[in-house]
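Chain by chain, the residues:
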Amino acid sequence: MARNEMYDVIIIGGGPAGLTAGIYAMRAALKAVLIEKGLPGGQVAITKGVENYPGFIDISGFDLSEKFLQHAMWYGLEIVQQEVGTVEPGIDFHSVRLENGQVLNAYSIIMAVGGKARRLDVPGEIDNFGKGVSYCATCDGFFFRNKTVCVVGGGDTALEDALYLAKITERVYLIHRRDEFRASRILQQRILLEPKIEIILDTVVTEIKSGEQGVRSVALRNTQTSEEKELEVEGVFIFVGFSPHSSLAPIGVKTSTTGYVLTDDKCETNIPGIFAVGDLRQNYAKQIVIAASEGCIAALAAARYVEAKKPQVRPAAVQPEPANASR
Ligand code: NAP
């Protein structure tokens, strides 16, 4: 990667959406680069098991993301490990400024930067991060072997990770603020069959308390009766949703009230040539297969866009032979 190098497409983010965009960009013979600040894989890489990516009945998130990466690398996709500072739209081309000061230019940009786990925003949460508070069961579950933990949330992530933690820990309290789960039926059924999981509904965590050894308990309030109580746990796993990394979207890109980037059906934002895919994009559901399909759509649309935008290299005009050349 040379300074101020010009690409056809710059892909930002190395999760399923970004890597799939990379595969399709390479197949479309685009000059492409993927920029990822950490290890490629995204959220999937830290997911314990994936059971709904077609073709794989059960695969670890890490293994699946490795397969995406190998596939993209097989096509020779250039991958740069750097943090992106800003995306700067232009008229003839767009620019990406890296944190190290380097600027890359491209006719099109595909933003596949996903998001991060939402916080509960209760006292004791930030102070105890890494000392009992966690947002990743696969990463931290091991530290709570044979201990009692609680999981907060009622979506797919909370229920999937509660099931995972039940295999490692002594007991899992699953605390949800309503009386019904948002998670898929199959996970709800599995939760009910797991004897180590105790469900606490209509309840919110109001504080995470700690002692010298880290987290000691959580303070709870019943949303129906306002009854308050304390529950002794050594780990608090918080899965209360997801915030898109939309701060990277340039000024002028339209977003929803919840911060997801709005696009058309080609995954193109309101700025021509700038695309958003995967968990960053406002879409119907957040699934790996959807992120991958959006990466595909954006790369195909970017290829069309680049073709129309790029100054055409025309074959040298063939000089007509003089009429009397052979004479
Ligand atoms: P989610 O579906 O948005 O669920 C968040 C959960 O946290 C909800 O139950 C919500 O309660 C609760 N919550 C939100 N704010 C809260 C607060 N301040 N205090 C207490 N509880 C709070 O998030 P997710 O589970 O991370 O899933 C994100 C997306 O990824 C979803 O589309 C999901 O289907 C998908 N996903 C899919 C899979 C899979 O297919 N294998 C796995 C993981 C995630 P309410 O229900 O009351 O709003």
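In this text, all values refer to a predicted model and were calculated from it rather than measured experimentally.

(A) Representation of the nonpolar core within the structure. Among the nonpolar cores identified, the biggest contains 34 residues, and Val9, Val50, Tyr53, Leu64, Ile110, Val277 and Ile288 are the most heavily contacted of them. Residue assignment for this core shows that the elements contributing at least two residues are β1 (6-12), α1 (16-27), β2 (32-36), α2 (61-74), β8 (103-111) and α6 (288-309). The element best represented in this core is α6, accounting for nine residues. Those residues in contact with Val277, other than ones at most four positions away along the chain, are Ala17, Ile110, Met111, Ala112, Cys267, Glu294, Gly295 and Ala298. Among the nonpolar cores identified, the runner-up in size contains 22 residues, and Ile12, Val80, Ala106 and Leu248 belong to it.

(B) Expanded view of the domain arrangement of the chain. Under the domain assignment, the chain is made up of domain 1 (6-116 + 242-309) and domain 2 (119-238). Centre-to-centre separation of domain 1 and domain 2, based on C-alpha positions: 32 Å. Contact residues are listed per partner, giving four residues for domain 1 and six residues for domain 2. Buried area between domain 1 and domain 2, both sides added, is near 460 Å², and the carbon and sulfur share of it is 54%. Per-residue buried area on domain 1 facing domain 2 is highest for Ile46, Lys48 and Glu51; these three make up 79% of the total on that side. Linking domain 1 with domain 2 are one salt bridge. For Glu51, the salt bridge is made with Arg190, and the minimal N-O distance between the two is 3.1 Å. A per-class count over the side of domain 1 that touches domain 2 returns one nonpolar, one polar and two charged.

(C) Geometry of the site of the ligand. Surrounding the ligand, one finds 17 residues, the nearest of these being Asn52, Asp156, Glu160, Arg178 and Arg182. At 2.9 Å from an oxygen atom of the ligand is found a side-chain nitrogen or oxygen belonging to Thr157. Within the contact set of the ligand, an oxygen atom lies 3.0 Å away from a side-chain nitrogen or oxygen of Gln287. In isolation the ligand has 910 Å² of accessible area, and contact with the protein removes 76% of it. Of the residues that constitute the shell around the ligand, the class distribution is three nonpolar, eight polar and six charged. Two domains each provide a minimum of three residues to the shell around the ligand, namely domain 1 (6-116 + 242-309) and domain 2 (119-238).

(D) Spatial organisation of the sheet that holds strand β11 (residues 148-152). Across the sheet, which stays open at both edges, the five strands sit in the order β10-β17-β11-β12-β13 with parallel pairing between neighbours. Both edges of this open sheet fall to β10 (133-134) and β13 (197-200), since each of them pairs with a single strand only. Strand contacts of helix α4 (residues 156-168): β11, β12 (171-175), β13 and β17 (235-238), with the helix running at about 165° to β12, the strand carrying the most contacts.

(E) Inspection of the sheet that holds strand β15 (residues 214-222) at higher detail. Reading across from one edge, β14-β15-β16 is the order of the three strands in this open sheet, with antiparallel pairing throughout. Unpaired on one side and paired on the other, β14 (203-211) and β16 (228-232) mark the two borders of the sheet. Neighbour to neighbour, the strand axes of the sheet diverge by 25° on average, direction disregarded. Summarising the sheet, β14 and β15 pair through eight bridges and their orientation is antiparallel. Among the inter-strand pairings, Thr203 is bridged to a residue of β15, identified as Asn222.

(F) Spotlight on the environment of Asp121. Inspection of the secondary structure assignment puts Asp121 in the loop between β9 (115-117) and β10. In this structure the C-alpha to C-alpha distance between Asp121 and Thr206, which are 85 residues apart in sequence, comes to 9.0 Å.

(G) Region of interest: unusual backbone geometry. The backbone of Asp202 sits at a positive phi, close to 50°, despite the residue not being glycine. Position of Asp202 relative to the elements: it lies in the loop between β13 and β14. Residues other than glycine seldom take positive phi values, yet Cys267 does so here, at roughly 70°. Inspection of the secondary structure assignment puts Cys267 in the loop between β18 (242-244) and β19 (274-276).

(H) Representation of the pairing of β12. Within β12, four of the five residues are buried, which leaves the element mostly enclosed by the surrounding structure. Note that β11 and β12 share five bridges and pair parallel. Among the inter-strand pairings, Thr148 is bridged to a residue of β12, identified as Arg171. In the classification by handedness, the crossover that spans β12, the intervening helix α5 (residues 185-193) and the parallel β13 is right-handed.

(I) Spotlight on the packing of α1 against α2. In contact at an axis separation of 9 Å, α1 and α2 are set at 25° when each is read in the N-to-C sense. Taken as axis vectors, α1 and α2 run roughly parallel relative to one another. The way α1 lies across α2 gives a crossing that is left-handed. Along the contact surface, α1 presents Pro16, Leu19 and Ile23, while α2 presents Ser65, Phe68, Leu69, His71 and Ala72.

(J) Up close: the pairing of strand β6 (residues 84-88). Here four bridges tie β6 to strand β7 (residues 94-98), and the two strands are oriented antiparallel to one another. Within β7, the position partnered with Glu88 by the bridge is Ser95.

Reading the values: rules and limits
- Residues numbered from 1 in each chain as written.
- Predicted model: local features only at pLDDT ≥ 70, side-chain atom pairs only at ≥ 80, totals over all residues.
- Heavy atoms only, no water.
- Core = buried A, V, L, I, M, F, W, Y, C linked by side-chain atoms within 4.5 Å.
- Buried < 20%, exposed > 50% of the residue type's maximum accessible area, 1.4 Å probe, protein only.
- Helix = DSSP H or I, 4+ residues; strand = E, 2+ residues; numbered from the N terminus.
- Contact = heavy atoms within 4.5 Å.
- Domains from an automatic or database assignment.
- Buried area = accessible area lost by both parts, 1.4 Å probe.
- Salt bridge = Lys/Arg side-chain N within 4 Å of Asp/Glu carboxyl O.
- Nonpolar A, V, L, I, M, F, W, Y, C, P; charged D, E, K, R; others polar.
- Near = heavy atom within 4 Å.
- Polar contact = N/O pair within 3.5 Å; in protein donor to acceptor, adjacent residues only side chain to side chain.
- Areas by Shrake-Rupley, 256 points an atom, 1.4 Å probe, with all protein chains shown as cover.
- Pairing = 2+ DSSP bridges.
- Axes fitted to C-alpha atoms, helices over the stretch in contact; angles between N-to-C directions.
- Right-handed = clockwise from strand over helix to strand, strands pointing away.
- Parallel < 35°, antiparallel > 145°, perpendicular 65-115°, else oblique.
- Left-handed = near helix turned anticlockwise from the far one by under 90°.

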